[in-house]
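# Coordinate inspection notes
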Amino acid sequence: VQLQASGGGLVQAGGSLRLSCAASGRTFSWYAVGWFRQAPGKEREFVARITGSGSRTDYADSVKGRFTISRDNAKNTVYLQMNSLKPEDTAVYYCAADPSYTKETYEYEFWGLGTLVTVSS
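The model shown is predicted, which means the values in this text are computed figures rather than measured ones.

The subject of this paragraph is the pattern of salt bridges. Pairing between side chains of opposite charge can happen when the charged atoms of each approach one another. Enumeration over the complete set of coordinates arrives at six salt bridges. The closest approach of N and O atoms between D89 and R37, which form a salt bridge, is 2.9 Å. One end of the pair, D89, is in the loop between strand 8 (77–82) and strand 9 (91–98); the other, R37, is in strand 4 (residues 32–38), with 52 residues separating them in the sequence. The class for D89 is buried, based on a relative accessible area of 1%. Classification of R37 by relative accessible area gives buried; the value is 6%.

Applying the stated criterion across every chain yields a total of six aromatic pairs. With 5.1 Å between their ring centres and 50° between their planes, F36 and W111 make a pair best called tilted. With a gap of 75 residues between them, F36 in strand 4 and W111 in strand 10 (residues 110–111) connect regions that are remote in the sequence. On the basis of relative accessible area, F36 is assigned to the buried category, the value being 0%. Put simply, the rings of F36, F46, Y94, Y108 and W111 touch in pairs and so form one group of aromatic residues. Sitting above the plane of the W111 ring, R44 keeps its charged end 4.9 Å from the centroid.

For the rest of this paragraph, the subject is the pairing of strand 11 (residues 115–120). Only one face of strand 11 is buried: it carries T115, V117 and V119, and the other face, with L116, T118 and S120, is open. Taken together, the four bridges between strand 2 (residues 9–12) and strand 11 define a ladder with parallel strand orientation. By the bridge assignment for strand 11, V11 is matched with V119. In this sheet, strand 11 lies alongside strand 9 in antiparallel orientation, the contact comprising three bridges. Directly across from V92, in strand 11, lies its bridge partner L116.

On to the sheet that holds strand 7 (residues 67–72), then. Strand order in the open sheet made by the four strands is 1-3-8-7, with antiparallel pairing throughout. Strands at the two margins of the open sheet, each flanked by one partner only, are strand 1 (2–6) and strand 7. In this sheet, neighbouring strand axes are inclined to one another by 15° on average, regardless of whether the strands run parallel or antiparallel. The sheet contact formed by strand 1 and strand 3 (residues 17–24) spans five bridges and is antiparallel. If you follow A5 over to strand 3, its bridge partner there is C21.

In total, this model carries one disulfide according to the counting rule given. Covalent S-S linkage joins C21 and C95, the inter-sulfur distance amounting to 2.2 Å. Here the disulfide of C21 and C95 is right-handed, its torsion about the S-S bond being about 75°. Here C21 is found in strand 3, whereas its partner C95 is found in strand 9, with 74 residues between them in sequence. For the residue pair C21 and C95, the accessibility class agrees, reading buried in each case.

Criteria and thresholds
Residues numbered from 1 in each chain as written. Predicted model: local features only at pLDDT ≥ 70, side-chain atom pairs only at ≥ 80, totals over all residues. Heavy atoms only, no water. Salt bridge = Lys/Arg side-chain N within 4 Å of Asp/Glu carboxyl O. Helix = DSSP H or I, 4+ residues; strand = E, 2+ residues; numbered from the N terminus. Buried < 20%, exposed > 50% of the residue type's maximum accessible area, 1.4 Å probe, protein only. Phe/Tyr/Trp six-rings, centres within 6.5 Å; stacked < 30°, edge-to-face > 60°. Lys NZ or Arg CZ within 6 Å of the ring centre and 35° of its normal. Pairing = 2+ DSSP bridges. Axes fitted to C-alpha atoms, helices over the stretch in contact; angles between N-to-C directions. Disulfide = S-S within 2.5 Å.

Keep in mind that these numbers describe shape and distance, not what the molecule does.
Set out below in structure tokens:
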């Protein structure tokens, strides 16, 4: 599976962005997808995940209630809607895919290049 994340940019605190993760190469619905982020000087951390069917989702406590993950398997795309953004959300955001529904970075087999989100105060 090849993944391409997009949609990052510069936004003011309180604003919104929608990230997209476009996939190609294999039957996309077989794969759970996770969003992760890495801020400068910090380790990559889990943000959100969704099952292949889209029936289950899960979020990090730090984004719960502000971010929403969804997918459109007909378009081979997963989205991350980010609302009420905070400066601490600034990071490079990555999407990853794996047959298993996990929040562990080391368990994801396929990764896309990241997209930078910068939230100004």
